[in-house]
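Single-letter residue listing:
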2 protein chains.
Amino acid sequence: MRDFLPGDVRKREYVISIIKQVYELYGFEPLETPAVENLDTLLGKYGDEGNQLIFRILKRGGKLDLKHSNSENDLSDLALRYDLTVPLARVAAQYRDKLPKFFKRYQIQPVWRADRPARGRFREFFQCDVDWIGSESPVVEAELISAVAEVLRRLGFSDFRIRINHRDLLFGILKHFGVAGELLNSAITVIDKLDKTGPAGVTEELKLLGIERADEIVRVIGKSADSAAELRTSLTAGISAGEALNTLDSIISLSSCPEIVIDPSLARGLSYYTGAIFEINVPDLSGSLGGGGRYDGLIGMFGKQDIPACGFSLGLERILVVMDERKMFPPEIELAAPADVLITLFSKDTVRESLRLASDLRAAGIRVTVYPEPDKIGKQIKYADQINVPIVLILGESELSEQTVALKQLGQSRQIIVKRSQLVDEIKAMTANLVRFSQ
Amino acid sequence: MRDFLPGDVRKREYVISIIKQVYELYGFEPLETPAVENLDTLLGKYGDEGNQLIFRILKRGGKLDLKHSNSENDLSDLALRYDLTVPLARVAAQYRDKLPKFFKRYQIQPVWRADRPARGRFREFFQCDVDWIGSESPVVEAELISAVAEVLRRLGFSDFRIRINHRDLLFGILKHFGVAGELLNSAITVIDKLDKTGPAGVTEELKLLGIERADEIVRVIGKSADSAAELRTSLTAGISAGEALNTLDSIISLSSCPEIVIDPSLARGLSYYTGAIFEINVPDLSGSLGGGGRYDGLIGMFGKQDIPACGFSLGLERILVVMDERKMFPPEIELAAPADVLITLFSKDTVRESLRLASDLRAAGIRVTVYPEPDKIGKQIKYADQINVPIVLILGESELSEQTVALKQLGQSRQIIVKRSQLVDEIKAMTANLVRFSQ
């Protein structure tokens, strides 16, 4: 887990602000849930591998009984949030009467997994989720994909690909090649690792599961297509996928995203998906920038009633890794300064005047930092340079008696004398020409 | 721990945006640290009571040895962040070479305490901290107090009081009345509860500690003052507080905050404070809106070198409780809608047109939500009403063929027909007259 120093936070907030802006243009509303959930809420939702990666919280006080604790479950009652989908499903069931018929929410919060860190993968990471609850219509998938694509375009990505698939198509292919019902989920877990292990590796692992026609399966799921019609002609005859291909066709047609491609090998590891599934990739990142899908059964696990739902999750850290490497941040983020002006300080007698001046400038919207103690002018200018503040304001005895200040622009040797009455306008004119971070 | 539905999140983000705005005007930069810290980092920093309230995380995999675990410390290695000051001190020591000479940071993140919930007190809550590292000058305290006061004024508070005190003054009073060195911290913990237990309760508890002149102590610390000069004359002769009274005088003079009062009974529970301490109160909330102080020894616990530091922390939930009760939120927050326009949907044949229109409007900056499935017009209008969206846009077969749309403003019975070419302007004119949430 990592600390984010000011430059890092600004980059993170820049990406988050664009994600929020787009999701709000699409009519999604913000939701926040606590970092800590009841352990029972999380267990059994992410598959066996997921269960192992949950951070558990030790019971407290009298609840903790060391002598009679024989397992992790005896010792812990709470856990850290593992994703944002399960908490949303809990909220959708718990607040059903308070939420609108269709609940469109976005949620940008950290989640925690006790996983091995890798490039763009951390034990604490932010998910940026957008979900639409209450409708089975493919309008939902189409709008979600369209919103996520718009986020990436506004961030400056032009080479992403949105792969989509449908669980029923994948199940249809597996069943056609004789995979028994109890092996379906294990087979999907294997296929989900196609990116990492390659076709030969997947074939081998499927055979280890006892799936004889693994070669044929891997060959068929290797055929991607721009439309379901195209895929229909290339699929082996006799594969039954119900309405899956029609649904994929509707999604592609409604979303109008040229970045979409149907990929029958896309599996998505999580066990709660029931329909369309998606994933976004860029060429220079193994793993995905984000993914999601339809999960019509999950909310029912927390309430009396099944409610259809679908969502898309972007990984903030994955996006940041690629944007950093490609230098995609605008200069006002890369070169941000903590203030517009540094006010110098030379003697205890003038401190109060310096602080009053700072207060006046701030009231005019100028960001001011004050050197906190009397010091040599050279040291104060060096500090301004170190923190990248572009203007140094000198207020000494002589300036005070003349109701003026001296302004020195960093990187320039000359300094100008400005009347107090013209100071705000002068500073605003100087900073207008400079790269500046503002929210 | 609580869920925050969209209306709650908007209120929280409104307060946070004002806090950030003011802190940035004062030249503070954002920092974020992970939710999870090493347990060792937190233990011993908050006093015995604090240690008990830390949420501990169970060791994972091979690290967890149930058979040979005899204590909480054997079972856990990580813990949830308890405040933002200790993580900052760790960061200040760890990144000393990367940080500027004076590091001014703000940090707005959740912390967790296994405490009993009360009004405005939760097990997960947000602290909004602002700290200045690297200087012993009272300019630091003055600017911090001034920034926090400005936050509260911009939020609409006019009746807050900033109580300040100095640990050395408190120690001086206690020593003057014969309290031995080893009892000083226990006495401070008792005095910290003056608000809750009252003077009689504190006197009694001090006597239980073996402090004989408890009556006199409670009488002396009960004298608050607007200046150190005033306090000096009212203090019992012979009390020695070193430079404490001069420091308090400087802080009051430099900050120019009329809300400040010196309160010798202010104790602050945390053990890491070494100098000036502060607390903000409003009449209608027991407990404080925030507090802080100088902690010159804490960073040295994580590094080779002592670095002076001082900070102020606002409690987001405390502020929100009072603002909610006093109805202090502006109407654009109270009445926020998730979108400007709802686009209706009547048949599968027109879905694509509806989504394209949504896309055009969004490109013009209008927030659009689409009804996801064909339904009766009455139901769609009812839904718009439920989610508070002010304009319903009707796009049926006839409107499509005529390149028009019908607009219906919620709460008004008539609807108007608008040409597609004039649609963006028309919607912007309609929403300009309405209360609208925008970031």
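Residues numbered from 1 in each chain as written. Chains lettered and ligands numbered in written order. Predicted model: local features only at pLDDT ≥ 70, side-chain atom pairs only at ≥ 80, totals over all residues.

Caption draft 1: Seen up close, the sheet that holds strand E14 (residues 391–394) of chain B. Residues and elements named next belong to chain B. Reading across from one edge, E13-E12-E14-E15-E16 is the order of the five strands in this open sheet, with mixed pairing throughout. Strands with a single pairing partner mark the edges of an open sheet, and in this sheet they are strand E13 (368–370) and strand E16 (415–419). Going across the sheet, the axis of each strand differs from the next one's by a mean of 30°, ignoring polarity. As judged from the five bridges shared by strand E15 (residues 404–409) and E16, these two strands associate in the antiparallel manner. When the sheet's bridge partners are listed, Leu407 is paired in E16 with Ile416. (Pairing = 2+ DSSP bridges. Helix = DSSP H or I, 4+ residues; strand = E, 2+ residues; numbered from the N terminus. Axes fitted to C-alpha atoms, helices over the stretch in contact; angles between N-to-C directions.)

Caption draft 2: Here's a closer look at the relation of the copies chain A and chain B. By a simple turn and slide, chain A fits onto chain B: the slide is 0.0 Å along the axis, the RMSD is 0.0 Å, and the turn is 180°. In symmetry terms, the pair is related by a two-fold rotation axis. When C-alpha positions in chain A are compared against the rotation axis, the closest is assigned to Ile57(A), at 2.2 Å. Mapped onto chain B, 98% of the interface residues of chain A are again interface residues, and the two copies thus contact each other with one and the same surface. (Least-squares fit on C-alpha atoms with pLDDT ≥ 70 in both. Contact = placed C-beta atoms within 7 Å.)

Caption draft 3: Just the interface of chain A and chain B, in detail. Contacts between the two partners involve 62 residues from chain A and, on the opposite side, 61 residues from chain B. Taken together, the residues of the side of chain A that touches chain B sort by class into 36 nonpolar, eight polar and 18 charged. (Nonpolar A, V, L, I, M, F, W, Y, C, P; charged D, E, K, R; others polar.)

Caption draft 4: Quick look at the sheet that holds strand E7 (residues 161–166) of chain A. Residues and elements named next belong to chain A. Sheet architecture is open: eight strands sit in the order E1-E5-E6-E11-E10-E9-E7-E8, paired in mixed fashion. A single partner strand is all that each edge strand has here, and the edge strands are strand E1 (29–30) and strand E8 (260–262). Relative to strand E9 (residues 276–281), E7 runs antiparallel, the two sharing six bridges. Across the sheet, the residue bridging to His166 is Ala276, located in E9. Docked against the sheet, helix H6 (residues 138–155) engages strand E6 (124–133), E7, E8, E9, strand E10 (290–294) and strand E11 (309–315), running at close to 15° with respect to E11.

Caption draft 5: Looking closely at the environment of Ala267(B). All names here are of chain B. When you line up the elements, Ala267 lands in the loop between strand E8 (260–262) and strand E9 (276–281). Taking the C-alpha atoms as reference, Ala267 lies 7.6 Å from Leu170; in sequence the two are 97 residues apart. Among residues more than four places away in sequence, those in contact with Ala267 are Leu170, Ile188, Ile191 and Asp192.

Caption draft 6: Here's a closer look at the environment of Phe278(B). Residue and element names in this part refer to chain B. Take Phe278: it is sitting in strand E9. Under the C-beta neighbour-count criterion, Phe278 is labelled buried, with 28 such atoms within 10 Å. Residue contacts for Phe278: discarding those within four places in its chain leaves Ile145, Ile162, Arg163, Ile164, Gly291, Gly292, Gly293 and Phe312. (Buried ≥ 20, exposed ≤ 12 C-beta atoms within 10 Å, placed from the backbone.)

Caption draft 7: Examining the confidence of the model for chain A more closely. On average, chain A scores 92 in pLDDT, and the residues at 70 or more come to 99%. The ipTM for the predicted assembly is 0.94, set against a pTM of 0.94. (pLDDT = per-residue confidence, 0-100.)

Caption draft 8: A look at the nonpolar core. Val148(A), Val341(A), Ile343(A), Val148(B), Val341(B) and Ile343(B) are the most contacted members of the largest nonpolar core, which has 264 residues in total. Among all residues touching Val341(A), those that are not within four sequence positions of it are Leu361(A), Ile366(A), Val368(A), Val389(A), Ile391(A), Leu393(A) and Ile427(A). (Core = buried A, V, L, I, M, F, W, Y, C linked by C-beta atoms within 7 Å.)

Caption draft 9: Broad picture of helix H1 (residues 6–25) of chain B. All names here are of chain B. The end-to-end C-alpha distance of H1 is 28 Å, a good match for the 28 Å that 20 residues give at a rise of 1.5 Å each. When we look at burial in H1, the residues that qualify are Pro6, Lys11, Tyr14, Val15, Ile19, Val22, Tyr23 and Leu25. Gly27 sits one or two positions beyond H1 and adopts a positive phi of about 85°. (Expected span 1.5 Å × (residues − 1).)

Caption draft 10: Examining helix H9 (residues 194–208) of chain A more closely. Residue and element names in this part refer to chain A. Over its 15 residues, H9 extends only 15 Å from the first C-alpha to the last, a length that falls short of the 21 Å expected when each residue adds 1.5 Å. At Ala200, H9 is deflected by roughly 75°, the largest bend along its length. Following H9 by one or two positions, Gly210 adopts a phi angle in the positive range, close to 95°. (Bend = angle between axes of the 7 residues up to and from the residue.)

Caption draft 11: Broad picture of the domain arrangement of chain A. Its domain assignment divides chain A into domain 1 (6–331) and domain 2 (337–432). Taken over C-alpha atoms, the centre of domain 1 of chain A sits 51 Å from the centre of domain 2 of chain A. (Domains from an automatic or database assignment.)

Caption draft 12: Local environment of unusual backbone geometry. Here Asn388(A), not a glycine, exhibits a phi torsion of approximately 75°, which is positive. Locating Asn388(A) in the fold gives a position in the loop between helix H16 (377–386) and strand E14 (391–394).

Caption draft 13: Main features of the packing of helix H1 (residues 6–25) of chain A against H6(A). All names here are of chain A. Here H1 crosses H6 at 140°, and the two axes come no closer than 9 Å. Compared by their axis directions, H1 and H6 come out oblique. The crossing of H1 and H6 is right-handed. Counting all contacts with H1, which are made through Val15, Ile18, Ile19, Val22 and Tyr23, the residues of H6 involved are Ala147, Glu150, Val151, Arg154 and Leu155. Classifying every residue of the contact of H1 with H6 by side-chain character gives eight nonpolar, no polar and two charged. (Parallel < 35°, antiparallel > 145°, perpendicular 65-115°, else oblique. Left-handed = near helix turned anticlockwise from the far one by under 90°.)

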